[in-house]
Each structure stands twice: as C-alpha cells, then as structure tokens.
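In case you want the letters, here they are:
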Amino acid sequence: MAIFSVYVVNKAGGLIYQYDNYVPRTEVEKTFSFPLDIVLKIHDEKVLVSFGQRDGIRVGHAVLSINGVDVNGKYTAEGKEIVEYLKDPANYPVSIRFGRARLTSNEKLMLASMFHSLFAIGSQLSPEVGSSGIEMLETDVFKLHCFQTLTGIKFIILADPRQTGVDALLRKIYEIYSDFALKNPFYSLEMPIRCELFDQNLKSALEVAEKAGTFGTGS
Amino acid sequence: MTVYNLYIFDRNGICLHYSEWNRKKQAGISKEEEFKLMYGMLFSIRSFVSKMSPLDMKDGFVSFQTSRYKLHYYETPTGIKVVMNTDLGVPNCRDVLHQIYSTVYVECIVKNPLCELGGTLQSELFSSRLDSFIRALPFFSVRAA
C-alpha cells in the first residue's frame, strides 16, 4: 500500500503544488569495461538505455551517475557529453548507475497541463450524456485518481492499485487546501502553494491514509 | 451494464474498425475527427503514463473511468489497439479485448488473404463475428437499446 505523489493543478492547467511521497527503488549500479555492451540514446535531454537489457538494467532507464558522481542531464558533472565520455577507452573501467529518470520540475509542469487537456478530451469523447473528465486512470503499477472541485482545481493522487480510500483522501486534501492555503492571507489564488501548514497537514493526511487505507467520512 | 462502442486502431493511428451498440451521445464532430481525437488522446495517455509511473511498467495503461463511462484499452506488441467503452459496472476487460484480437481479428483478418492490411476493414464476416462476440458478453445487456 502506498501513495506515490500528489499534484494540484489550477483551473488553467498550471501546476501549483507537487509532492513526491516515495523513494525510487529500481536503481542499479554496475562497473563496465570497454566497450560498453549497452546501447544508449539521448531522449529529452537524458541518456536512456535503448538496447541491451540485463541485470536489472531495463530499456528506458536513464544514466543517473558515473563513478558515483550524479550526471546533469546529458552531461557529466564536468560538463562533457556522456555519450562522448563513454566512447573514450581511457575512461574505463567505469561504474554507471542506472534507474528510472526522476522527473524534473519542468516535466512535472508539462505533465500536469497534459493531464488537464486529457481530462477535457475524456469528457468530450464520452458515449454518455453529462460525463465528467477522467476520474481514475489505471495502469498495472499505479492508479491515478483525480478530483475536480466546482471551482476547477484538480487534485491528483498517484497511488498503488490496491490502495483504498483515495477518494476520501482527495476530499481531505481539498479540505486542507481550503483551510491552510485559501485562508492564508499571503496566498494568492492560482499561484503555487507555498504554505508550511499546508505541507505539514498534507503529509500527515498521507501518512494516515497509508496506514489505515480508509478515512472516516467526518474527518 | 452495457457496451457503448469499440474502436480498433492500427499502429499508424488509422481506425481499422468502429462499431457502436448502446451509445447515447455523439461527440459532435465527424467520425474521422473523432477517431483522430481518440487516437491522439490514447497516444498522449500512453506517453503521460510512462513518464508519470514511479516504477517500471509491464502492460502500461489499462483503463480509465469518468463519472459516466469506462474506457478499456488493450495493445498488442504489433501496435494494434483495441478500445472499448462500457459503463462503470464492468470489471477489468483485458482478457475480453485480447480475445477480440485473437479470436476475431486474427481469425477473420490476419488469416484472410483477401483482407488488405493498413486500411479500414471491410470484411463482413469480421463485423458480424465481432457483433455477435460483443452481444454474447455477460455484461452486454440491451438496457435501453
């Protein structure tokens, strides 16, 4: 049982809050000798594995660090291109850590507005009258739950498919938003939420939800 | 419980087949545009989901639901996409969609030398088999057909 992340999207599709509640687990570090038997490609300013899946290194995983030093997009910490660096036999043996690429804040913004439009298309393509947008999206490893308020703000939770009580949690987060963001005199509407009390209460709500799985209706 | 409609797309985004049963509302655009919009939405959902996912995925996107309907999605390794819209009471349909692919599409289209791949399917046998397959589903009922 786990809740992976929380997103809050304003009515224009802008991301105003995001919180990751998990530690990435699938990271593999291995030492390689020349020549590298994994084919790498550059995609979205990251170096991804495109062929040569083995020992827990999967196609689609990104290069996260080289010799223990984190990389910076497609460049090494010293500013050289990773692909060029790995072509040079002088740099071997080299230890590379692979894993799922963490989302940058730019990507999160983009994904949030992407969901905003998917939500609208979902309701347009409805075969039934009066449908809302996407409320729950299911994949084999996570479920995305979305709650849109009457004022157009979307609360999105990524959770384990077996997690229960997510709908109650979404309403609880709406309550926390009203109490600690909206009632904060320094918070301006539609802008990113930077309120300490909101953070604290959201975190404790997530903890409660993960432990219990359900919420009382009145809480 | 009921089935609203079913789309089959090929890997290039061409709608190979469309049929509807108890659909209550049209999208308000021409069918060609609707197919494009549907394919575009699925394409974006696929990339959205693969970026969003905290773990490595096997099957990827399975279904989504709104307040009124549920969309079931199944994709073969060759890129054929089968999409079925049902109401909310229908449980996971991956097996059903896989059966549509393996017992109807493969049998009537892939094994039929007269069917040209890459365009709209015109086989009557395929349409009628698909129709009877859907009508025989346990959750297909003519609630208000």
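Residues numbered from 1 in each chain as written. Chains lettered and ligands numbered in written order. Predicted model: local features only at pLDDT ≥ 70, side-chain atom pairs only at ≥ 80, totals over all residues. Heavy atoms only, no water.

Identification of chain B as Trafficking protein particle complex subunit from Ictalurus punctatus is taken from an unreviewed UniProt entry. If you open the UniProt record of chain B and go to Sequence similarities (unreviewed entry), you find "Belongs to the TRAPP small subunits family. BET5 subfamily." You can read under Subunit (unreviewed entry) in the UniProt record for chain B the words "Part of the multisubunit transport protein particle (TRAPP) complex. The heterodimer TRAPPC6B-TRAPPC3 interacts with TRAPPC1 likely providing a core for TRAPP complex formation." (UniProt positions renumbered as here; feature names shortened; annotations may be inferred.)

Identification of chain A as Trafficking protein particle complex subunit from Ictalurus punctatus is taken from an unreviewed UniProt entry. In its Sequence similarities (unreviewed entry) section, UniProt records this for chain A: "Belongs to the TRAPP small subunits family. TRAPPC4 subfamily." In its Function (unreviewed entry) section, the UniProt record describing chain A reads: "Core component of the TRAPP complexes which has a function of guanine nucleotide exchange factor activity for Rab1 GTPase. Plays a role in vesicular transport from endoplasmic reticulum to Golgi and autophagy. May play a role in dendrite postsynaptic membrane trafficking."

Tallying the contact residues gives 39 residues for chain A and 38 residues for chain B. Carbon and sulfur atoms make up 63% of the surface buried where chain A meets chain B, a total of about 3700 Å² over both sides. Ranking the residues of chain A by area buried against chain B places Arg-100, Leu-125 and Pro-127 of chain A at the top, with a combined share of 20%. There are four salt bridges connecting chain A and chain B. For the salt bridge of Asp-56 of chain B with Arg-58 of chain A, the shortest nitrogen-to-oxygen distance reads 4.0 Å. Across the chain A-chain B interface, the total number found is 19 residue pairs in polar contact (both at pLDDT 80 or more). Elements supplying a minimum of two residues to the side of chain A that touches chain B: strand 1 (3-9), helix 2 (105-124) and strand 9 (136-139) of chain A. A per-element tally of the side of chain A that touches chain B places helix 2 of chain A first, with nine residues. When the residues that make up the side of chain A that touches chain B are grouped by side-chain class, the tally is 20 nonpolar, 11 polar and eight charged. Sheet analysis places strand 9 of chain A next to strand 3 (residues 61-65) of chain B, joined by four bridges and oriented antiparallel. When the sheet's bridge partners are listed, Met-136 of chain A is paired in strand 3 of chain B with Gln-65 of chain B. (Contact = heavy atoms within 4.5 Å. Buried area = accessible area lost by both parts, 1.4 Å probe. Salt bridge = Lys/Arg side-chain N within 4 Å of Asp/Glu carboxyl O. Polar contact = N/O pair within 3.5 Å; in protein donor to acceptor, adjacent residues only side chain to side chain. Helix = DSSP H or I, 4+ residues; strand = E, 2+ residues; numbered from the N terminus. Nonpolar A, V, L, I, M, F, W, Y, C, P; charged D, E, K, R; others polar. Pairing = 2+ DSSP bridges.)

Residues and elements named next belong to chain B. Direction vectors running N to C along helix 2 (residues 94-110) and helix 3 (residues 124-135) enclose 155 degrees, while the axes themselves pass 10 Å from each other. One way to sum up the angle between helix 2 and helix 3 is to call them roughly antiparallel. Handedness of the crossing formed by helix 2 with helix 3: right-handed. Here Val-96, Gln-99, Ile-100, Thr-103, Val-104, Tyr-105, Glu-107, Cys-108 and Ile-109 of helix 2 come into contact with helix 3, specifically with Leu-125, Phe-126, Arg-129, Leu-130, Phe-133 and Ile-134. Class assignment of the residues belonging to the contact of helix 2 with helix 3 gives a composition of 11 nonpolar, two polar and two charged. (Axes fitted to C-alpha atoms, helices over the stretch in contact; angles between N-to-C directions. Parallel < 35°, antiparallel > 145°, perpendicular 65-115°, else oblique. Left-handed = near helix turned anticlockwise from the far one by under 90°.)

All names here are of chain A. With an omega of -10 degrees, the peptide bond running from Phe-34 to Pro-35 counts as cis. Turning to its location among the elements, Pro-35 is positioned in the loop between strand 3 (27-32) and strand 4 (39-43). For the bond from Tyr-92 to Pro-93, the omega torsion is -5 degrees, close enough to zero to count as cis. Within the secondary structure, Pro-93 sits in the loop between helix 1 (82-85) and strand 8 (94-99).

Pairing is antiparallel across the open sheet formed by 10 strands, whose spatial order is 2(A)-1(A)-11(A)-10(A)-9(A)-3(B)-4(B)-5(B)-1(B)-2(B). The open sheet has two edge strands with one neighbour each: strand 2 (15-20) of chain A together with strand 2 (15-20) of chain B. Averaged over neighbouring strand pairs, the angle between their axes works out to 10 degrees when direction is ignored. In this fold helix 2 of chain B packs onto strand 1 (3-9), strand 2, strand 3, strand 4 (70-75) and strand 5 (81-86) of chain B, with an angle of close to 50 degrees to the strand it touches most, strand 4 of chain B.

For chain B, per-residue confidence averages 90 on the pLDDT scale, and 97% of positions sit at 70 or higher. Scoring of the predicted complex yields 0.87 for pTM and 0.88 for ipTM. (pLDDT = per-residue confidence, 0-100.)

Bringing the nonpolar core into the picture now. Counting 43 residues, the largest nonpolar core has Leu-144 of chain A together with Phe-9, Met-41, Ile-45, Phe-48, Phe-64 and Leu-71 of chain B as its most contacted members. A per-element tally of this core places helix 1 (residues 31-52) of chain B first, with nine residues. Excluding residues within four positions of it along the chain, Ile-45 of chain B makes contact with Leu-118, Ile-134 and Leu-137 of chain A together with Phe-61 and Phe-64 of chain B. Core analysis: the second largest hydrophobic core is formed by 29 residues, Cys-93, Val-96, Leu-97 and Ile-109 of chain B among them. (Core = buried A, V, L, I, M, F, W, Y, C linked by side-chain atoms within 4.5 Å. Buried < 20%, exposed > 50% of the residue type's maximum accessible area, 1.4 Å probe, protein only.)

A complete count under the given rule lists 24 salt bridges over all chains for this structure. Arg-46 of chain B serves as the salt-bridge partner of Glu-75 of chain B, at 2.7 Å between the closest nitrogen and oxygen. Of the two residues, Glu-75 of chain B is situated in strand 4 and Arg-46 of chain B in helix 1; the sequence distance between them amounts to 29 residues. For Glu-75 of chain B, a relative accessible area of 23% translates into the label partly exposed. You can call Arg-46 of chain B partly exposed: its relative accessible area is 37%. Put simply, Lys-30, Asp-37, Arg-54 and Asp-55 of chain A are held in one network by salt bridges that share partners.

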